[in-house]
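Inside the fold
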Amino acid sequence: MINIHGKTLVRTFKQTVLDTYGIRLKVHQGFSMGQTADDGATVAAARSEGADEPSGSFTLWGTMTVQEAEDTIRDAMGFAVQVLDPSGANADNSTTLNSIGFR
């Protein structure tokens, strides 16, 4: 399980997910898929104003699809993410995390 507080930097959040689960993320500003969050900003600054109060904690499993993982993180953190495949491209939503390097 990952626990993240609002003062955590976006770059630290992404590194924590990489270190814990072996997957890379693209973090978006709020729920908009058009704007990427600034790596130097806090995760609180990346949250959508319309989001419910985020829990800041989540657990991922290798058998989850990319879409399930993205939804889990979105609900816990209050912003959209995209899981990246090993080449750095957006992973296919129906792919399992195990197939893209989950540990």
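Residues numbered from 1 in each chain as written. Predicted model: local features only at pLDDT ≥ 70, side-chain atom pairs only at ≥ 80, totals over all residues. Heavy atoms only, no water.

1. Quick look at the overall build of the chain
In terms of helices and strands, the chain carries three helices and four strands. At 12 Å, the chain has a C-alpha radius of gyration in line with the 13 Å of a compact globule built from 103 residues. Its C-alpha atoms give the chain principal-axis dimensions of about 35 × 25 × 25 Å. Counting only residues that meet the buried cut, the chain has 40% of its 103 residues in that class. Here the chain displays about 5300 Å² of accessible surface, and carbon together with sulfur accounts for 47% of that area. Positive and negative side-chain charges of the chain, numbering 8 and 12 respectively, have mean locations separated by a distance of 8 Å. (Helix = DSSP H or I, 4+ residues; strand = E, 2+ residues; numbered from the N terminus. Rg over C-alpha atoms; globule rule 2.2 N^0.38 Å. Buried < 20%, exposed > 50% of the residue type's maximum accessible area, 1.4 Å probe, protein only. Areas by Shrake-Rupley, 256 points an atom, 1.4 Å probe, with all protein chains shown as cover. Lys, Arg positive; Asp, Glu negative; His and termini not counted. Charge placed at Lys NZ, Arg CZ, Asp CG, Glu CD.)

2. Quick look at the pattern of salt bridges
Inspection of the entire model under this criterion finds three salt bridges. A salt bridge links Asp71 to Arg74; the nearest nitrogen and oxygen atoms lie 3.0 Å apart. Here Asp71 pairs with Arg74, and both are found in helix H3 (residues 66-77), just three residues apart, close to one helical turn. Linked through salt bridges whose partners overlap, the residues forming this network are Asp71, Arg74 and Asp75. (Salt bridge = Lys/Arg side-chain N within 4 Å of Asp/Glu carboxyl O.)

3. Some points on the pairing of strand E2 (residues 24-27)
Going residue by residue along E2, you find Leu25 and Val27 tucked away on one face and Arg24 and Lys26 left uncovered on the opposite face. Bridging between E2 and strand E4 (residues 81-84) involves four bridges; their strand directions are antiparallel. Bridged to Leu25 within E4 is Val83. (Pairing = 2+ DSSP bridges.)

4. Some thoughts on the packing of aromatic side chains
Note on aromatic pairs: each is described by the distance of the centres and the angle between the planes. All chains considered together, the criterion is met by three aromatic pairs. Centre to centre, the rings of Tyr21 and Phe102 are 5.5 Å apart; their planes meet at 20°, and the pair counts as stacked. With Tyr21 in helix H1 (residues 10-21) and Phe102 in the segment after E4, this pair connects stretches of sequence that are 81 residues apart. Assessed through its relative accessible area of 5%, Tyr21 is described here as buried. Judged by its relative accessible area of 18%, Phe102 falls in the buried class. (Phe/Tyr/Trp six-rings, centres within 6.5 Å; stacked < 30°, edge-to-face > 60°.)

5. Some thoughts on the nonpolar core
Among the nonpolar cores identified, the biggest contains 27 residues, and Phe13, Phe58, Leu60, Met77 and Leu97 are the most heavily contacted of them. Residue assignment for this core shows that the elements contributing at least two residues are H1, E2, helix H2 (43-46), H3 and E4. Element by element, the count of residues in this core is highest for H3, at five residues. The contacts of Leu97, once residues within four sequence positions are left out, are Ile23, Leu60, Trp61, Gly62, Met64, Val66, Ala69, Val83 and Phe102. (Core = buried A, V, L, I, M, F, W, Y, C linked by side-chain atoms within 4.5 Å. Contact = heavy atoms within 4.5 Å.)

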